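Architecture and fold: a report
Chain residues, written in single-letter form:
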Amino acid sequence: MSPLHRLLVRALPLLLSALLAGCGAPAVRDPAEGDVRDAVAAWSRTPPAPLAGIPLEGWAYEVSAVRRDGDRATARAQLRYRLTGYDTAPAGSAREVLLSRDGADGGPWRVTGDRPAPGAPPQLWDQGPVEAVKGAHALVLGVGQSPQTLSAVAAEAERAVPAAGAAWPRAWAGRVVVLVPGSLERMAELLGRPAAEYRGMGAVTTGRVGAAAAPADRVVVNPEGWTQLSAAGRGVVLTHEVTHVATRTATTARTPLWLSEGFADWAAYRGAAATAQQAAPALGRAVRRGELPAALPADAAFTFGGDPEALARAYEGAWLACRLIAAKWGDATLVSLYERAGREPLATALEETVGGDLPGLTLAWQAGLRAELGAP
């Protein structure tokens, strides 16, 4: 054996021993950290008293990190809970739990506060006392709203859920949670976006596209936009948003927005007597100016914060496209197209449902626009 080999043979056991010792050594943990975690666990066994009117279950804080500063501590945690009868999987929220203890020798830790983690949007109850209105199909939760307002929203939601279910005859929860914050700014806080993006809107829907379980799928009402709507307009807006909840698991990144937004509007207008002239005024003005759209609305056309007239034309054109498909090939064909478009190329989905292609559908849509919107 060469001198080099002898050196390696002698050094290798020492090297392995050092590596194993380093890998196996337990992490040094503040002795009080376990007490902090225990205090958070004990505190979070039941929801806070102000939430007693909300049907909650599975309420728990999972601590991921603890930071101590003398007799004060901050625990970073993930709050998990379900709204009983509405959530199929736990909803989540990143939180910070504040604790303190009395006595120089270290008394028991107690929770003194709870807030959203930095960068995380708040929960509705972070904005004030929550009032709940529960119906057969909807749970409405509001902050800073009158009982009359919440009851009116709940009544619209009770009508919207069956309407969405009639348009989407596929399995879904058949129930919806509606949040009504105190202002446009409070709404934007809940959604973690600038308020300007929601100005003029009546409501929006949260949730993950294509998620098998979308527990946080909520309809969030913009109280300022809501008051500007007529009674009929409120029904259309809420049914549109509830339809997004109903179709959530069939909607993926493949689904073109003209189909998802148009389907939601088609569901909302199904029971109404509105004509194309009445329900598509912006697009009607464009068609009468000779500005017939060259194609179905692109996804980018549905972006908020730009030209409101262009945005209105995109929504109206999407609705009329879905309305055309349902009128020409049947409601069931439109539903089937929606399902297929979420899991296969649009060209394939069109061929398997309407027996045509996108250029052919576009020509039929354009002809309908001329016929219905071309003359006052």
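Residues numbered from 1 in each chain as written. Predicted model: local features only at pLDDT ≥ 70, side-chain atom pairs only at ≥ 80, totals over all residues. Heavy atoms only, no water.

Next up on the list: the environment of F302. Within the element layout of this structure, F302 appears in the loop between α9 (281–288) and α10 (308–329). Residues F302 and W258 lie 44 residues apart in sequence; the distance between their C-alpha atoms is 8.4 Å. Every residue in contact with F302, bar those within four places of it in the chain, is listed here: L257, W258, E261, P297, L311, A314, Y315 and A318. (Helix = DSSP H or I, 4+ residues; strand = E, 2+ residues; numbered from the N terminus. Contact = heavy atoms within 4.5 Å.)

Each strand in a sheet pairs with another by means of backbone hydrogen bonds, the pair being arranged parallel or else antiparallel. Overall, mixed pairing links the five strands, which are arranged β5-β6-β7-β9-β8 in an open sheet. Among the strands making up the open sheet, the edge pair consists of β5 (131–134) and β8 (203–205). Strand-to-strand twist across the sheet, computed as the mean angle between neighbouring axes with direction ignored, equals 20°. Of the pairings in the sheet, the one linking β5 to strand β6 (residues 138–142) comprises four bridges and is antiparallel in character. When the sheet's bridge partners are listed, A132 is paired in β6 with L141. Here helix α4 (residues 184–191) sits on the sheet and contacts β8 and β9 (219–221); the angle it forms with β9, its principal contact strand, is near 155°. Against the sheet, helix α6 (residues 231–246) makes contact with β7 (176–180), β8 and β9, and its axis sits at roughly 5° relative to β8, the strand it touches most. (Pairing = 2+ DSSP bridges. Axes fitted to C-alpha atoms, helices over the stretch in contact; angles between N-to-C directions.)

Mapped onto the elements of the fold, E96 is located in strand β3 (residues 91–101). In this view, E96 contacts T74, A75, R76, G113, D114, R115, P116, A117 and P118; residues no more than four positions away in its chain are not counted.

The next point concerns the packing of aromatic side chains. Here the structure, examined in full by the defined rule, presents eleven aromatic pairs. A ring pair is formed by W59 and Y81, whose centres lie 5.9 Å apart and whose planes are at 40°; its orientation type is tilted. Of this pair, W59 sits in strand β1 (residues 56–69) while Y81 sits in strand β2 (residues 72–83), placing them 22 residues apart in sequence. You'll find W59 and Y81 in the same group, each marked buried. Put simply, the rings of W43, W59, Y61, Y81 and W125 pair up and form one aromatic cluster. Here the basic side chain of R175 rests over the ring of Y86, its NZ or CZ set 4.3 Å away from the ring centre. (Phe/Tyr/Trp six-rings, centres within 6.5 Å; stacked < 30°, edge-to-face > 60°. Buried < 20%, exposed > 50% of the residue type's maximum accessible area, 1.4 Å probe, protein only. Lys NZ or Arg CZ within 6 Å of the ring centre and 35° of its normal.)

Our next topic: the confidence of the model for the protein chain. Across the protein chain, the average pLDDT comes to 88, with 88% of residues at or above 70. Here residues 210–215 is modelled with pLDDT under 50, and outside its nearest four sequence neighbours on either side it reaches 16 contacts, counting other chains as well. (pLDDT = per-residue confidence, 0-100.)

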